[in-house]
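Here is what each chain is made of, one letter per residue.
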Amino acid sequence: MIYLDHNATTPVASEVLDAMRPHLETDFGNPSSTHRYGKVANAAIELARAQVAALLGCAADSVVFTGSGSEADNLAIKGVALVRRDDGDHIITSAIEHPAVLGPCRYLQTRFGYRLTIVPVDELGVVDPDDVRRAIEPGTVLVTVMHANNEVGTLQPIAEIARLARERGIAMHTDAAQSLGKVAVGVEALEVDLLTLAGHKMHAPKGIGVLYVRPGTRLDPLVHGGGQEHGIRAGTENVPYVAGLGAACELAARRLQARAPLQVMRLRDRLHTALRSAVPGLVLNGHPDDRLPNTLNVSFPGRDGDSVLERTPSVAAATGSACHAGRTNPSPVLTAMGLSPERALGAVRLSLGYDTTVAEIDAAAAALTAAVALDTSRA
Ligand SMILES: Cc1ncc(COP(=O)(O)O)c(C=O)c1O
């Protein structure tokens with residue numbers, strides 16, 4: 001199998017496993033305990049907090065560990081909306097957000113009557129900051145726009161949007177689950193108040209995330225209890241996973257420093273060139289330049305992406321389609337970008353990782369090209 005689905009999840013790095021193992025085997029203490037076992041566990045958490053903070057460029061006490069990227073998104077959105085209920089009831093988000101952002105926004109709207117403005121994107125998947133500016137009202141309490149899209153990889157002008165929000169005292173959140181470890185993500189450069197990280201997109205295990213919280217940003221907790229994580233997220237900390245995430249952040253920082261994403265980008269572009277020359281009419285979805293270096297989303301003309309991938313069992317990749325009750329619908333992200341249903345259903349997302357090799361890319365290009373030639377799904 002050639003694994004080209006790193007935007008879905010990544011393998012756990014050996015450095016990450018090494019950091020986790022002692023906390024699953026011998027160092028099993030509760031970080032809140034005052035004896036030696038507790039101190040060892042607590043030290044592991046504080047080391048990891050510093051490692052995450054170093055990657056994000058923030059103070060360690062701005063890092064709140066959560067149980068997933070989805071939980072971090074929910075904490076940011078519901079936490080700000082609820083704590084600022086007396087200031088207003090209006091939230092702004094974009095049309096291409098992950099369900100972990102759109103879900104809590106819709107929940108607040110239907111359950112508690114918050115008002116929601118969903119700003120559009122252009123055909124490359126980019127939010128226009130002017131649309132955000134126009135959407136802002138006196139009652140706006142939160143703007144949440146993702147840093148990089150998971151399907152097409154397009155990067156958003158977050159700093160520009162954040163400036164609009166923060167100048168008006170509106171909290172700014174970005175979901176950076178897809179961009180961390182692939183491009184430089186600094187909370188000062190992005191000027192955000194809240195930022196989501198998801199461990200399993202960057203070689204830590206599934207089930208661990210972070211919410212960055214800028215000092216002074218008010219937030220109601222989702223989980224009340226023993227006061228862990230500065231009282232923002234109660235529950236005995238998942239020490240092995242937290243330690244693993246710390247190691248993953250350190251690894252990510254080293255890779256960025258070594259410009260490893262450039263190598264990944266070269267391989268991605270090699271795959272694009274090979275597919276483009278073999279498949280007439282192939283089109284790129286997403287921004288040609290301002291996008292994640294590992295992400296290639298292309299539409300095969302006159303084909304269904306699902307059907308092409310079924311004929312390519314040696315390649316693990318994703319399509320933009322969502323299957324509901326046996327019917328295949330075009331991806332909401334591609335639809336929001338204004339792509340026709342035919343083009344959206346013809347899309348395949350190929351997302352590379354740091355371990356992807358030239359040989360794998362050439363083999364994947366050959367296998368996909370052969371599948372497209374054989375496929376008659378919409379011929
Ligand atoms: C952009 C984005 N946000 C949030 C998430 C959710 O993260 P998790 O799977 O850790 O809940 C994902 C993962 O699919 C994602 O791609």
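Residues numbered from 1 in each chain as written. Predicted model: local features only at pLDDT ≥ 70, side-chain atom pairs only at ≥ 80, totals over all residues. Heavy atoms only, no water.

Visitor: Now, about the layout of surface pockets: what can you tell me, with residues and values included?
Guide: A volume near 310 Å³ is recorded for the largest pocket. In this structure, the largest pocket is lined by 19 residues; those nearest its centre are H98, P99, N150, E151 and V333. Mapped onto the lining of the largest pocket, the elements with two or more residues apiece are α4 (99–112), β12 (318–319) and α11 (332–336). Of the residues in the lining of the largest pocket, the class split is eight nonpolar, seven polar and four charged. In this structure, the lining of the largest pocket is formed jointly by two domains, domain 1 (2–9 + 259–374) and domain 2 (14–256), each of which donates at least three residues. Approximately 190 Å³ is the volume found for the second largest pocket. Lining the second largest pocket are 18 residues, and of these G69, H98, A177, A198 and K201 lie nearest its centre. Those elements that place two or more of their residues in the lining of the second largest pocket are α3 (69–83) and β7 (194–198). (1 Å grid on protein atoms, 1.4 Å probe; cavity = no way out; pocket = protein on both sides within 12 Å on 5 of 7 lines; lining within 4 Å. Points joined across faces, edges and corners; volume = space filled by probe spheres on them. Helix = DSSP H or I, 4+ residues; strand = E, 2+ residues; numbered from the N terminus. Nonpolar A, V, L, I, M, F, W, Y, C, P; charged D, E, K, R; others polar. Domains from an automatic or database assignment.)

Visitor: An account of the site of the ligand is requested, with residue identities and associated values reported.
Guide: In the region of the ligand, 13 residues are neighbours, and G69, S70, D175, H200 and K201 sit closest. Between the ligand and H98, the relevant distance is 3.1 Å, taken from an oxygen atom to a side-chain nitrogen or oxygen of the residue. In the model, an oxygen atom of the ligand is placed 2.7 Å from a nitrogen or oxygen of the K201 side chain. In isolation the ligand has 390 Å² of accessible area, and contact with the protein removes 87% of it. When each cavity is represented as a set of grid points, the ligand is found to reside in the second largest pocket. Looking at the shell around the ligand, the element that brings in the most residues is α3, giving three residues. Here the shell around the ligand is built from residues that sort into three nonpolar, seven polar and three charged. (Near = heavy atom within 4 Å. Polar contact = N/O pair within 3.5 Å; in protein donor to acceptor, adjacent residues only side chain to side chain. Areas by Shrake-Rupley, 256 points an atom, 1.4 Å probe, with all protein chains shown as cover. Sits in = over half its atoms within 2 Å of the grid points.)

Visitor: An account of unusual backbone geometry is requested, with residue identities and associated values reported.
Guide: A positive phi angle, close to 55°, is found at H230, a residue other than glycine. With respect to the secondary-structure elements, H230 resides in the loop between β8 (209–213) and α8 (239–257). Assessed through its relative accessible area of 46%, H230 is described here as partly exposed. If you check the backbone angles, R259 has positive phi at about 60° while not being a glycine. (Buried < 20%, exposed > 50% of the residue type's maximum accessible area, 1.4 Å probe, protein only.)

Visitor: Could you give an account of the domain arrangement of the chain, with specific residues and numbers?
Guide: Entries for the chain in the domain assignment read domain 1 (2–9 + 259–374) and domain 2 (14–256). Using only C-alpha atoms to locate each centre, domain 1 and domain 2 end up separated by 28 Å. Facing 27 residues of domain 1, the contacting portion of domain 2 comprises 27 residues. Taking both partners together, domain 1 and domain 2 bury about 2,200 Å²; carbon and sulfur atoms supply 56% of that area. Contact with domain 2 buries area across many residues of domain 1, yet L292, M337 and Y354 alone supply 26% of it, more than any other trio. Our count for the domain 1 to domain 2 interface comes out at 18 residue pairs in polar contact (both at pLDDT 80 or more). Taken together, the elements giving at least two residues each to the side of domain 1 that touches domain 2 come down to α9 (260–278), β10 (295–299) and α11. Looking at side-chain class alone, the side of domain 1 that touches domain 2 contains twelve nonpolar, ten polar and five charged residues. (Contact = heavy atoms within 4.5 Å. Buried area = accessible area lost by both parts, 1.4 Å probe.)

Visitor: Would you mind going over the nonpolar core in detail, with residue names and values included?
Guide: V52, F65, V143, M172, L180, L195 and L245 are the most contacted members of the largest nonpolar core, which has 64 residues in total. Formed jointly, this core draws a minimum of three residues from each of two domains, domain 1 (2–9 + 259–374) and domain 2 (14–256). Not counting the four nearest positions on each side in its chain, F65 is found in contact with I45, A48, R49, V52, I208, G209, V210, E229, R233, V242 and L245. Counting residues in each nonpolar core, the second largest holds 25 residues, with L282, V315, L368 and A371 among its members. (Core = buried A, V, L, I, M, F, W, Y, C linked by side-chain atoms within 4.5 Å.)

Visitor: Explain the packing of aromatic side chains residue by residue, including any values.
Guide: One pass over the structure, following the stated rule, counts two aromatic pairs. Look at Y107 and F112: their rings are 5.8 Å apart centre to centre, the planes differ by 80°, and that puts the pair in the edge-to-face class. Across the ring face of Y114, the terminal group of R85 is positioned such that the distance to the ring centre comes to 4.4 Å. Lying over the aromatic face of F112, R111 brings its terminal NZ or CZ to 5.6 Å of the ring centre. (Phe/Tyr/Trp six-rings, centres within 6.5 Å; stacked < 30°, edge-to-face > 60°. Lys NZ or Arg CZ within 6 Å of the ring centre and 35° of its normal.)

Visitor: I'd like to hear about the sheet that holds β7, residue by residue, with values.
Guide: Across the sheet, seven strands lie side by side as β2-β8-β7-β6-β5-β3-β4; this open sheet has mixed pairing. At either margin of the open sheet sits one strand with a lone partner, and together these are β2 (63–66) and β4 (115–119). Across the sheet, the axes of successive neighbouring strands diverge by a mean angle of 20°, strand direction being ignored. Bridge analysis of strand β6 (residues 171–175) against β7 gives three bridges, and the strand direction is parallel. Counterpart to D175 in the pairing with β7 is T196. Where α3 meets the sheet, it contacts β2, β3 (90–94), β5 (140–144), β6, β7 and β8, and its direction lies at approximately 160° from that of β7. (Pairing = 2+ DSSP bridges. Axes fitted to C-alpha atoms, helices over the stretch in contact; angles between N-to-C directions.)

Visitor: Any details on the environment of S307? Residues and values, ideally.
Guide: Relative to the helices and strands, S307 is located in helix α10 (residues 305–310). On the basis of relative accessible area, S307 is assigned to the buried category, the value being 17%.

Visitor: Give a detailed account of the sheet that holds strand β9 (residues 283–285), specifying residues and quantitative values.
Guide: Across the sheet, four strands lie side by side as β9-β10-β15-β12; this open sheet has antiparallel pairing. Edge strands, defined here as strands with exactly one partner in the open sheet, are β9 and β12. As judged from the two bridges shared by β12 and strand β15 (residues 347–351), these two strands associate in the antiparallel manner. Paired with A318 across the bridge in β15 is R349.

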